[in-house]
Each structure stands twice: as structure tokens, then as C-alpha cells.
Amino acid sequence: MTRSPVPRVALVDDHRLMAQALGLALQEAGYEAVLIHPEADVAAQVQAWRPDVLLLDLDLGQFSGLDVLPEVRTVCPVVVVTAETDAACWGACIVAGAAGVVPKSDPVDAVVAAVGAVLDGRPAVAENDKLAWLRAHEHRTREQERNLAPFRRLTQREEQILAAVLDGQPAAEIARTAVVSEATVRTQIRSVLTKLGVGSQLQAAALAHRVGWAARRSGRRTV
């Protein structure tokens, strides 16, 4: 990889103190650094500024850095800098195209070193570590698929019923909204409970949250 005269590094992190500390460390190491706040259009700003490396946090408030990683990695290499300690999550970052992952518990120098490695065309993470993260991610994915299997037996209408239950709507309100009888809605709720293998709406809601169905329904990425 050919370096520009002054390599440019963009940081996406909603924790300004952390981002500023990283920015100062990068500037001291001879890089040009800019902070991209996640409230803006991250992908558009990365496209416009075209950094040589992007440092990307995962927890960005209303969305996950994983949501934008596949797009921004087409512009430049991405190193994830995160407080997340789960190896399966780190594996998900690698699968999504990250060049490496650095935990926020590591010294700032570790982030600077990862940037230097990427710019020099060297691996940002040891191969053994990357393989371990990928195995953890694969195991997590299989587990999630098993947990979500009962929810795939729901019809579209039953998914709507479960979504309404998660929103706290009583049967009477669901019936009014759908213009059907309350008895029909209660029958549909019983069918949902039977397919999920639970005995109450509270248990159904708890299960939906525990296995990630609720998060997927809301569009929030789970890893």
C-alpha cells in the first residue's frame, strides 16, 4: 500500500474524550486525524474525506458500527476500536471486513500500532487470534440459528401479533387495530405461545428478547 505524504486517519466514536485522546496520539505519531461524529452520515463523510485508515467504534448509540462497516471498508481499511470484549463479536467484525480489532482496554499505543500495521500492509491482528474470533463467531451464529428456529414457524400474522405483544398492546387493542374480534386475537396469541413452547405472553416476550428476535425486528444488529 502506498502511503500519502501524511497518512489520514478518521475516527468514528461517540465518546469524544476517547476520540480526542486517540486523535492526539495519532497526530504525535505523524498522522492527520479527524473525528467523524456518528450523528452525521458516517459513510458519506468517509467517502468525502477518504482516509487511509478508519478507526470505528461499535457502540454508536442508535446503531452499531457493524451496520456501516461493510460500506466504509470499500473506501479504506477499518480497524474496530471497541469496549466489547466478546470474541464472537470481534469475529463478526472480521467477517464484516474489519482489518483488525483493538479493545479500548488496551493502551492507546496499541491503536497507533494497528494503524501503522495496516498502512504498511501488515496484519493488524495475529492470525491465531483472528481464527479464534472467527470460530467463536461461527459457534455464536449456529447457536442463534437454533434459538431462532421456533420463531421461523410463525406466520406473518403471528409475527405481527408477537410484535404487538412486545410493544405492550393488550388483546383488545390489537383487535381494534386489526378490525377483528378479540377472540380471534386471543386464538392467534395462543398459537404463538404454542409454537414458541412457552406458557405466557411474558415468557414469549422474554424469549424474543433473549434470542435476539426482538432486536432483529427493530433493525438493531445483534452479534
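All values reported here derive from a predicted model rather than from experimental measurement.

Asks: Help me understand unusual backbone geometry in this model?
Replies: Excluding glycine, residues mostly have negative phi values, and the peptide bonds linking residues are mostly trans. A positive phi angle, near 50 degrees, is found at Arg-50, a position not held by glycine. One can find Arg-50 in the loop between α2 (42–49) and β3 (53–56).

Asks: Is there a simple way to explain empty space enclosed by the protein in this structure?
Replies: In this approach the atoms are scanned with a rolling probe the size of a water molecule, which exposes any empty space left behind. Using the criterion set out here, one finds 1 cavity of 30 Å³ or more in the structure. Put simply, the largest cavity is a space of about 50 Å³. Residue lining of the largest cavity: Leu-11, Val-12, Asp-13, Ala-19, Leu-22, Leu-55, Leu-56, Asp-57 and Val-81, and that is the complete set. Counting residues per element, the ones that place at least two in the lining of the largest cavity are β1 (8–12), α1 (16–28) and β3. Counted by class, the lining of the largest cavity contains 7 nonpolar, no polar and 2 charged residues.

Asks: When you look at the sheet that holds strand β5 (residues 100–103) in this model, what are you seeing that I'm missing?
Replies: Whenever strands of a sheet pair, they do so through backbone hydrogen bonds, lying parallel or antiparallel. Strand order in the open sheet made by the 5 strands is β2-β1-β3-β4-β5, with parallel pairing throughout. At either margin of the open sheet sits one strand with a lone partner, and together these are β2 (32–36) and β5. Pairwise comparison of adjacent strand axes, ignoring direction, gives a mean angle of 20 degrees for this sheet. Both strand β4 (residues 78–82) and β5 contribute to a ladder of 4 bridges, which runs parallel.

Asks: Before we go on, may I ask you to explain the packing of helix α9 (residues 182–196) against helix α10 (residues 201–211) in this structure?
Replies: Helices that pack against each other are described as a pair by the angle of their axes relative to one another and the distance between those axes. Where α9 contacts α10, the axes come no closer than 10 Å and their chain directions differ by 55 degrees. Taken together, the axis directions place α9 and α10 in an arrangement best described as oblique. Our pair here, α9 against α10, has a crossing hand that is left-handed. Where α9 abuts α10, its residues Ile-189, Leu-193 and Leu-196 lie against Gln-201, Ala-204 and Leu-207. By residue class, the composition of the contact of α9 with α10 is 5 nonpolar, 1 polar and no charged.

Asks: Looking at this model, I keep getting lost on the packing of aromatic side chains. Mind explaining?
Replies: Each aromatic ring pair is specified by the distance between its two centres and by the angle formed by the two planes. Following the criterion strictly, the structure yields 2 aromatic pairs and no others. Their ring planes at 80 degrees and their centres at 5.0 Å tell us that Trp-90 and Trp-133 sit as a pair that is edge-to-face. Remark: Trp-133 occurs in helix α6 (residues 127–148) and Trp-90 occurs in helix α4 (residues 87–95); sequence separation between them is 43 residues. Look at Trp-133 and you get buried, because its relative accessible area is 9%. Relative to Trp-213, the ring of Phe-151 has its centre 5.7 Å away and its plane inclined at 20 degrees; by these criteria the two rings are stacked. Residue Phe-151 is located in the loop between α6 and α7 (156–166), and its partner Trp-213 is located in helix α11 (residues 213–218); the two are separated by 62 residues in the primary sequence. Judged by relative accessible area, Phe-151 falls into the buried class, the value being 1%. Of the residues examined, Trp-213 reaches a relative accessible area of 11% and is grouped as buried. We note Arg-8 situated over the ring of Trp-49; from NZ or CZ to the ring centre the distance is 4.2 Å.

Reading the values: rules and limits
Residues numbered from 1 in each chain as written. Predicted model: local features only at pLDDT ≥ 70, side-chain atom pairs only at ≥ 80, totals over all residues. Heavy atoms only, no water. Helix = DSSP H or I, 4+ residues; strand = E, 2+ residues; numbered from the N terminus. 1 Å grid on protein atoms, 1.4 Å probe; cavity = no way out; pocket = protein on both sides within 12 Å on 5 of 7 lines; lining within 4 Å. Points joined across faces, edges and corners; volume = space filled by probe spheres on them. Nonpolar A, V, L, I, M, F, W, Y, C, P; charged D, E, K, R; others polar. Pairing = 2+ DSSP bridges. Axes fitted to C-alpha atoms, helices over the stretch in contact; angles between N-to-C directions. Parallel < 35°, antiparallel > 145°, perpendicular 65-115°, else oblique. Left-handed = near helix turned anticlockwise from the far one by under 90°. Contact = heavy atoms within 4.5 Å. Phe/Tyr/Trp six-rings, centres within 6.5 Å; stacked < 30°, edge-to-face > 60°. Buried < 20%, exposed > 50% of the residue type's maximum accessible area, 1.4 Å probe, protein only. Lys NZ or Arg CZ within 6 Å of the ring centre and 35° of its normal.

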